[in-house]
Amino acid sequence: MMFQRTPMIAGNWKMNLRHSEATALIKTIRQGIEGLEGVEVLVAPPFTHLAVAREAIGDAPIFLAGQNMHWEMSGAFTGEISGRMLQGATCTHVILGHSERRTLFNETNETVDLKVRSATFLGLIPIVCVGETLEEREAGNTFDVLKTQLDGSLRNFKADQLMRPSTILAYEPVWAIGTGRTATPEQAQEVHRFIREWIETTFNTGTAAQVRILYGGSVKPENISDLMAQPDIDGALVGGASLKGDSFVQIIRYKGH
Ligand code: PEP
């Protein structure tokens, strides 16, 4: 089925930037995307920067996302933020299951699944991250690992036999995050195809045609075009290069207009 998926370029700021730097960065992005159509742009600042980011974004076409959330609506969860709170801070999206959350903060497929369910219930669009480690790739286990992560992190979708087509997935090979080592476009395409086939088998062809699958892992202005030329790569989740306005704008403008 032919379906035109709108590309998305998303910046994950992680735990970086002061308020003044965040404001300046958004100003550069706003100027850089003026007149641009056909690409969705998103930034995921730290929680404490969301209000400042919204102020700087104003009504410019830049989506705002949280980098994580708790699955409960409220309660005794010191240090946590709920999806409702993200919506109160004008977020429309939330990154879930980033590999840093999984490896450094013990997130599991089970907790990611609870978060995906909660976000979806609230109408927040989840950007669900999956990806294998270097050891897993070298042992030839990439597809098994990905299948386990998808089955586990989207277990509630499977149980309901429904995955909203607005859901976004991000393939981020752990060995390519922040290492300067990008997957080749062919390596990434192979996995993106596998993920789309998993959606088709688990749900249906229409959903598989509509869900966007972003690539993440050392995306830069120099490699974005070749990645985006692949049929199943629908955008990028960018870490390091999203902190510099000029490089992020160059990535957003990968089509060269
Ligand atoms: C990320 O953390 O989502 C990421 C892809 O980081 P980087 O672009 O720095 O590799």
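Our structure is the block above this text.
Here's a quick rundown of the structure.

1. Some remarks on the sheet that holds strand E7 (residues 212-216)
With respect to topology, eight strands assemble into a closed barrel ordered E1-E2-E3-E4-E5-E6-E7-E8, the strand pairing being parallel. Each strand axis lies, on average, 25 degrees off the axis of its neighbour in the sheet, ignoring direction. Note that E7 and strand E8 (residues 235-238) share two bridges and pair parallel. Of the residues in E8, the one forming a bridge with Tyr 215 is Ala 236. Seen against the sheet, helix H12 (residues 245-252) touches strand E1 (8-12), strand E2 (40-44) and E8 and runs at an angle of roughly 155 degrees to E1.

2. Overview of the site of the ligand
Taken together, 14 residues lie around the ligand, and Lys 14, His 98, Glu 172, Gly 178 and Ser 218 are the ones closest in. Here an oxygen atom of the ligand sits 2.8 Å away from a polar atom, N or O, in the main chain of Gly 239. The residue inventory of the shell around the ligand, partitioned by class, reads four nonpolar, eight polar and two charged.

3. Focus: the side chain of His 70
Position of His 70 relative to the elements: it lies in the loop between strand E3 (62-66) and helix H3 (83-88). With relative accessibility at 8%, the residue His 70 sits in the buried group. From its side chain, His 70 meets the backbone nitrogen of Glu 72 in a polar contact 2.9 Å long. Excluding residues within four positions of it along the chain, His 70 makes contact with Phe 77, Glu 80, Ile 81, Ser 82, Gly 83 and Ser 118.

4. Topic: the packing of aromatic side chains
Tallied over the full model, the rule gives three aromatic pairs. With 5.9 Å between their ring centres and 75 degrees between their planes, Trp 198 and Phe 203 make a pair best called edge-to-face. You'll find Trp 198 and Phe 203 in the same group, each marked buried.

5. Focus: the side chain of Asn 156
With respect to the secondary-structure elements, Asn 156 resides in helix H8 (residues 155-160). Here Asn 156 falls in the buried class, since its relative accessible area comes to 12%. Within the structure, the side chain of Asn 156 is placed 2.7 Å from the side chain of Asp 113, a separation counted as a polar contact. Discounting chain neighbours no more than four positions away, the residues touching Asn 156 are Asp 113 and Arg 117.

6. Digging into the environment of Glu 40
Its place among the elements puts Glu 40 in strand E2. Here the alpha-carbon distance between Glu 40 and Met 163, two residues 123 residues apart in the chain, equals 21 Å. Excluding its chain neighbours within four sequence positions, the residues that come into contact with Glu 40 are Thr 6, Pro 7, Met 8, Ile 9, Phe 63 and Arg 212. Here Arg 212 takes part through its side chain, which lies 3.0 Å from a polar atom of the side chain of Glu 40.

7. Considerations on helix H5 (residues 109-122)
Its 14 residues give H5 an end-to-end C-alpha distance of 20 Å, which sits within 8% of 20 Å, the value for a rise of 1.5 Å per residue. Every buried residue of H5 is accounted for by Asn 109, Thr 111, Val 112, Asp 113, Lys 115, Val 116, Ser 118, Ala 119, Thr 120 and Leu 122. Of the surrounding elements, those touching the buried residues of H5 are H3, strand E4 (93-96), helix H4 (99-104), strand E5 (125-130), helix H7 (142-153) and H8.

8. Observations concerning the environment of Trp 71
Mapped onto the elements, Trp 71 comes out in the loop between E3 and H3. On a C-alpha basis, the gap between Trp 71 and Gly 32 in space is 35 Å, while along the polypeptide they are 39 residues apart. Not counting residues up to four positions away in its chain, the partners in contact with Trp 71 are Thr 111, Leu 114, Lys 115 and Ser 118.

9. Points about the pairing of E2
Burial of E2 is extensive: four of the five residues sit out of reach of the surface. Bridging between E1 and E2 involves five bridges; their strand directions are parallel. Bridging across to E2, Ala 10 finds its partner in Leu 42. Crossover handedness for the path E1 to helix H1 (residues 19-32) to E2: right-handed.

The rules behind each value
In every chain, residue numbers begin from 1 and rise along the written sequence. This being a predicted model, a pLDDT of at least 70 is required before a residue's local features are given, and a value of 80 or more before pairs of side-chain atoms are given or counted; all residues contribute to the totals for chains, interfaces and linings. To obtain the side-chain values, all non-hydrogen atoms of the structure were used and water was disregarded. Any two strands with at least two DSSP-identified bridges between them are counted as paired. Comment: elements are numbered from the N terminus, with helices defined as DSSP H or I runs of at least four residues and strands as E runs of at least two. Convention adopted: a line fitted to C-alpha atoms gives each axis, helices being fitted over their contacting stretch, and angles between N-to-C directions are expressed from 0 to 180 degrees. Contacts are assigned to residue pairs that have any heavy atoms within 4.5 Å of one another. Near is defined per residue: the residue qualifies when any heavy atom it owns lies within 4 Å of the molecule or strand. Side-chain atoms alone can form a polar contact between residues adjacent in sequence; in general such a contact is a pair of N or O atoms within 3.5 Å, and within protein one must be able to donate a hydrogen while the other accepts it. Under the grouping applied here, Gly and all other residues not named as nonpolar or charged are polar, the nonpolar ones being Ala, Val, Leu, Ile, Met, Phe, Trp, Tyr, Cys and Pro and the charged ones Asp, Glu, Lys and Arg. Note on exposure labels: buried denotes an accessible area under 20% of the residue type's maximum, exposed denotes more than 50%, and partly exposed covers the range between, all computed with a 1.4 Å probe on protein chains only. Between the rings of Phe, Tyr and Trp (Trp by its six-membered ring), a pair exists once the centres lie within 6.5 Å; its type follows the angle of the planes, with under 30 degrees stacked, over 60 edge-to-face, and the other angles tilted. One less than the residue count of a helix, multiplied by 1.5 Å, gives the span that helix is expected to have. By convention a crossover is right-handed if, when the strands point away from the viewer, the path from the first strand over the helix to the second runs clockwise.

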